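Observations on the model geometry
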Amino acid sequence: MSEGLGCLYGVGLGPGDPELVTVKAARLLGAADVIAYHSARHGRSIARSVALPYLRGDQVEEALIYPVTTETTDHPGGYQGALDDFYADCAVRLAAHLDAGRDVVVLCEGDPLFYGSYMHMHKRLAHRYPTEVVPGVTSVSGAAAVLGRPLVERDETLTVLPGTLPADVLAERLAAADSAAVLKLGRTFEKVRAAFAEAGRLDDAWYVERATTGKQRIEPLADVDPESVPYFSLALLPSPLTPFSAKAAADREEQAGDERRGEVVVVGLGPAGRPWLTPEAQDALARADELIGYGPYLDRVPPNPRQRRHPTDNRVEAERAAHALGLAAAGSRVAVVSSGDPGVFAMASAVLEVASEPRFADVEVRVLPGLTAAQAVASRAGAPLGHDFCVLSLSDLLKPWEVVADRITAAARADLVLAIYNPASRSRTWQVAAMRDLLLEHRSPRTPVVIGRDVGGPQESVRVVELADLDPAAIDMRCLLIVGSSTTRLTERGGRPVVYTPRRYPA
């Protein structure tokens, strides 16, 4: 195509409400040099009235006025010949603007390529000029919206028919349809309604006129006065799967709620905010009726007034689990939130332990994984977990220190990298020094130790020190430690330390 040509736009304006004009359509309406629109001989254009709020007021307007609509004509080619000549003339008029470099927007109610007048210009001009079609909300979608009924559900099919088809063809296709929309009513209305009756579908059909506008009208198709039907109306046979009665719909929803079984989903939130949350976990949180968890972890989940939240203290895991299972037994969807991965020193084992009681035998429990603190800290430092490693908690609240010490020594002797959870708390400060001293019996003093604190959070810090220099005073409960093995390496890249453990162990 040659440079300097204008662009042809076929712009769908939707079913009638100017607020249903798309953002893109509104932008083009305000920017175009030329606005073209079709109308009958009275000169009034529904499309122009819809577009009017978006027009500048100083644009060139091309009114494309039909020579005939429903009346007869003395054109030698008959009705179709008159229209063909009209479309050819309109194309010449618009081409003059396009040749001069002016952009032309052709207005179209609904969608330009869905029974739209624009398509006649498209067929004659699109191969010669830069062209773009902007889709719009169809009259069928608008009618379904104002009627409040789905067009199709599940495996149903939608049949769209013009009212100009022969009555027997209409009746045959309506009888076979799940859902249907019949357009181009007006003078075809009585034939269309008779076809619905012959197909045995009249009692289920609705009449929608000028959907989404101030002149909108909705009636059962059987009750409509044929003399009152304009061209811009349609007959709609909506999905038979959804009742029109609001009470029937509510009854069905209530029945579904009664039949719904509750469940507990233990959800791993990852180490920090939403970027660390898996899509599966996001879905479970969105579906939940009740949210239960340690208060600071629960605060990570955005509030939703539909959901009830039950924050608890960090040391009541069994009570929290029983509460969640009790709610689920009563039919609620319950999400128990846990930082990191719920199966690593977290709520999954607590919930499953209580769920093993006979009273909760019928309650479904699912566990959704999360990114662990060890993985998060390791990723910030490099790849210290690149070979065999073990995960230990220094807390002696649920196991004696002697067991912790034995496991530290065993891991050190086995030359495993250690990921250390719960290294310290306000009342428990001596274990970090004890761990360091146990490890130094089997590890080089220069072994790299990664100290990650609040990774993913606003106070994130990651430092690397040598094992001999590990200072217990610098460690708190928000820290996670990764102690390297004999093969773990410390290098520098881009001015920062990088720790990694090679995958190959030396012979």
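Residues numbered from 1 in each chain as written. Predicted model: local features only at pLDDT ≥ 70, side-chain atom pairs only at ≥ 80, totals over all residues. Heavy atoms only, no water.

**Describing the overall build of the chain**
- When its secondary structure is counted, the chain shows 15 helices and 23 strands.
- Its C-alpha radius of gyration of 35 Å places the chain more than 25% over the 23 Å reference for a compact globule of 507 residues.
- Its C-alpha atoms put the chain at 110 × 65 × 45 Å along the principal axes.
- Put simply, the chain has 507 residues, and 45% of those count as buried.
- Look at the contacts in the chain between residues 6 or more apart in sequence, and 69% of them connect residues 24 or more apart. (Helix = DSSP H or I, 4+ residues; strand = E, 2+ residues; numbered from the N terminus. Rg over C-alpha atoms; globule rule 2.2 N^0.38 Å. Buried < 20%, exposed > 50% of the residue type's maximum accessible area, 1.4 Å probe, protein only. Contact = heavy atoms within 4.5 Å.)

**Some thoughts on helix α6 (residues 167-176)**
- Looking only at α6, the buried set comprises L170, A171 and L174. When α6 is viewed along its axis, its buried side chains cluster within an angular range of 95 degrees and face the same direction. Looking at α6, the residues exposed on the side facing more than 90 degrees away from the buried face are D168, E172 and A176.
- Looking at the buried residues of α6, the elements they touch are β6 (158-162), β7 (179-183) and α7 (189-198). (Arc of directions from axis to C-beta.)

**Brief notes about the packing of α6 against α7**
- Two elements in contact, α6 and α7, have axes separated by 8 Å at closest approach and are oriented at 45 degrees. With respect to α7, the axis of α6 lies oblique. Between α6 and α7 lies a crossing of right-handed hand. For the pair α6 and α7, the contacting residues are A167, L170, A171 and L174 in the first and K191, V192, A195, F196 and E198 in the second.
- Partitioned by chemical class, the residues of the contact of α6 with α7 number seven nonpolar, no polar and two charged. (Axes fitted to C-alpha atoms, helices over the stretch in contact; angles between N-to-C directions. Parallel < 35°, antiparallel > 145°, perpendicular 65-115°, else oblique. Left-handed = near helix turned anticlockwise from the far one by under 90°. Nonpolar A, V, L, I, M, F, W, Y, C, P; charged D, E, K, R; others polar.)

**Details of the nonpolar core**
- Core analysis: the largest hydrophobic core is formed by 25 residues, its most contacted members being I408 and L470.
- Contributing elements (two or more residues each) for this core: β17 (389-393), α14 (401-413), β18 (417-421), α15 (431-440), β19 (448-453) and β21 (479-483).
- For this core, the element with the most residues is α14, which contributes six residues.
- In this structure I408 touches L392, L394, W401, M435, L438 and L439, once residues within four positions along its chain are discounted. (Core = buried A, V, L, I, M, F, W, Y, C linked by side-chain atoms within 4.5 Å.)

**Some details on the pattern of salt bridges**
- In total, this model carries 18 salt bridges according to the counting rule given.
- A salt bridge links R380 to E460; the shortest N-O distance between them is 2.8 Å. In this pair, R380 is assigned in helix α13 (residues 373-381) and E460 in the loop between β19 and β20 (461-466), connecting sequence segments 80 residues apart.
- A relative accessible area of 34% means that R380 is categorised as partly exposed. (Salt bridge = Lys/Arg side-chain N within 4 Å of Asp/Glu carboxyl O.)

**Digging into the packing of aromatic side chains**
- Per the counting criterion, the structure on display carries nine aromatic pairs.
- Pairing Y66 with Y87 gives two aromatic rings, centres 6.2 Å apart and planes at 85 degrees, and the pair type is edge-to-face. Pair noted here: Y66 is in the loop between β3 (60-65) and α3 (78-99) and Y87 is in helix α3, with a separation of 21 residues, a long-range link.
- Among the residues examined, Y87 registers a relative accessible area of 5% and is labelled buried.
- An angle of 85 degrees between the planes, with centres 6.0 Å apart, marks the rings of F189 and Y207 as edge-to-face. Highlighted residues: F189 in helix α7 and Y207 in strand β8 (residues 206-209), separated in sequence by 18 residues. (Phe/Tyr/Trp six-rings, centres within 6.5 Å; stacked < 30°, edge-to-face > 60°.)

**Points about the sheet that holds strand β9 (residues 217-220)**
- The strand order across the open sheet built from five strands is β6-β7-β10-β8-β9, with neighbouring strands paired in mixed fashion. Whereas interior strands pair on both sides, the edge strands pair on one side only; in this sheet they are β6 and β9. For this sheet, the mean inter-axis angle between neighbouring strands, taken without regard to orientation, is 20 degrees.
- Those strands touched by α6 are β6 and β7, and its axis lies near 170 degrees from that of β6.
- Here α7 sits on the sheet in contact with β7, β8 and β10 (233-237), set at roughly 5 degrees to β10. (Pairing = 2+ DSSP bridges.)

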